[in-house]
Amino acid sequence: QVQLVESGGGLVQPGGSLRLSCAASGSFFSLNVMGWYRQAPGKQRELVAAITRGGSTNYADSAKGRFTISRDNAKNTIYLQMSDLKPEDTAVYYCNAGPNWARGDSWGQGTQVTVSS
């Protein structure tokens, strides 16, 4: 049973920064790839960034150059450092985990990120 607990969301002004965290528990195999997805009102959930246990990463085009995903394997925790935030980044951000690059079956409860002046 995988458990994912996100933290770090909030309200930030355009151009600001936020750091999200996701603490995970579960089997070694089920946490091979962990990532962040987001869902804005009226839109589908989309990948933001993902990272393997070995540190390989995958970013959505919208995140490249502004967001950085990282991972602490000893703590089973991933982070998403978000910079130069834009109003279009406003969404609920969800942590995800699975055995490979495909979207995993395990989700956190989500954390709201609102970018607004």
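So, a few notes on the structure that sits alongside this text. (Residues numbered from 1 in each chain as written. Predicted model: local features only at pLDDT ≥ 70, side-chain atom pairs only at ≥ 80, totals over all residues. Heavy atoms only, no water.)

Turning our eyes to something else, we now look at the overall build of the protein chain. The secondary structure content of the protein chain amounts to 0 helices and 11 strands. The order of α-helices and β-strands along the protein chain, N terminus first, is β-β-β-β-β-β-β-β-β-β-β. For the protein chain, the C-alpha radius of gyration of 13 Å lies close to 13 Å, the compact-globule estimate for 117 residues. Principal-axis analysis of the C-alpha atoms gives the protein chain an extent of 40 × 25 × 20 Å. Within the protein chain, buried positions represent 45% of all 117 residues. (Helix = DSSP H or I, 4+ residues; strand = E, 2+ residues; numbered from the N terminus. Rg over C-alpha atoms; globule rule 2.2 N^0.38 Å. Buried < 20%, exposed > 50% of the residue type's maximum accessible area, 1.4 Å probe, protein only.)

Attention now moves to the state of the cysteines. For the structure shown, the criterion picks out 1 disulfide. Between the sulfur atoms of Cys22 and its disulfide mate Cys95 the distance is 2.1 Å. Between Cys22 and Cys95 the sulfur-sulfur dihedral comes to about -85°; the bridge is accordingly left-handed. Taken together, the positions of Cys22 in strand S3 (residues 18-25) and Cys95 in strand S9 (residues 91-98) put the pair 73 residues apart, joining distant regions of the chain. Just as Cys22 is buried, Cys95 falls in that class too. (Disulfide = S-S within 2.5 Å.)

Once that is clear, we can look at the packing of aromatic side chains. With the rule as written, the count across this model stands at 2 aromatic pairs. Seen from their ring centres, Tyr37 and Trp107 are 5.2 Å apart, and the 75° between their planes marks the pair as edge-to-face. Placement of the pair is Tyr37 in strand S4 (residues 33-39) and Trp107 in strand S10 (residues 106-107), with a sequence separation of 70 residues. Exposure remark for Trp107: the relative accessible area of 29% places this residue in the partly exposed category. With a centroid separation of 6.3 Å and an interplanar angle of 85°, the aromatic rings of Tyr94 and Trp107 are classed as edge-to-face. Of the two residues, Tyr94 is situated in strand S9 and Trp107 in strand S10; the sequence distance between them amounts to 13 residues. (Phe/Tyr/Trp six-rings, centres within 6.5 Å; stacked < 30°, edge-to-face > 60°.)

On to the side chain of Arg66, then. For Arg66, the location among the structural elements is in the loop between strand S6 (57-59) and strand S7 (67-72). Among the polar contacts made by the side chain of Arg66, one reaches the side chain of Asp89 at a distance of 2.8 Å. Ignoring any residue separated from it by four or fewer positions in sequence, one finds Arg66 in contact with Gln81, Met82, Ser83, Asp84, Leu85, Lys86 and Asp89. (Polar contact = N/O pair within 3.5 Å; in protein donor to acceptor, adjacent residues only side chain to side chain. Contact = heavy atoms within 4.5 Å.)

What follows deals with the pattern of salt bridges. Applying the stated criterion across every chain, the model contains 4 salt bridges. A salt bridge links Arg38 to Glu46; the nearest nitrogen and oxygen atoms lie 2.8 Å apart. Via salt bridges that share partners, Arg38, Glu46, Arg66 and Asp89 belong to a single interconnected network. (Salt bridge = Lys/Arg side-chain N within 4 Å of Asp/Glu carboxyl O.)

Here 4 strands make up an open sheet; going across it, the order is S1-S3-S8-S7 and the pairing antiparallel. At either end of the open sheet lies a strand with only one pairing partner, and these are strand S1 (3-7) and S7. Strand-to-strand, the axes of this sheet are offset by a mean angle of 15°, without reference to chain direction. Note: S3 against strand S8 (residues 77-82), 6 bridges, orientation antiparallel. Counted as the bridge partner of Ala23 is Thr77 from S8. (Pairing = 2+ DSSP bridges. Axes fitted to C-alpha atoms, helices over the stretch in contact; angles between N-to-C directions.)

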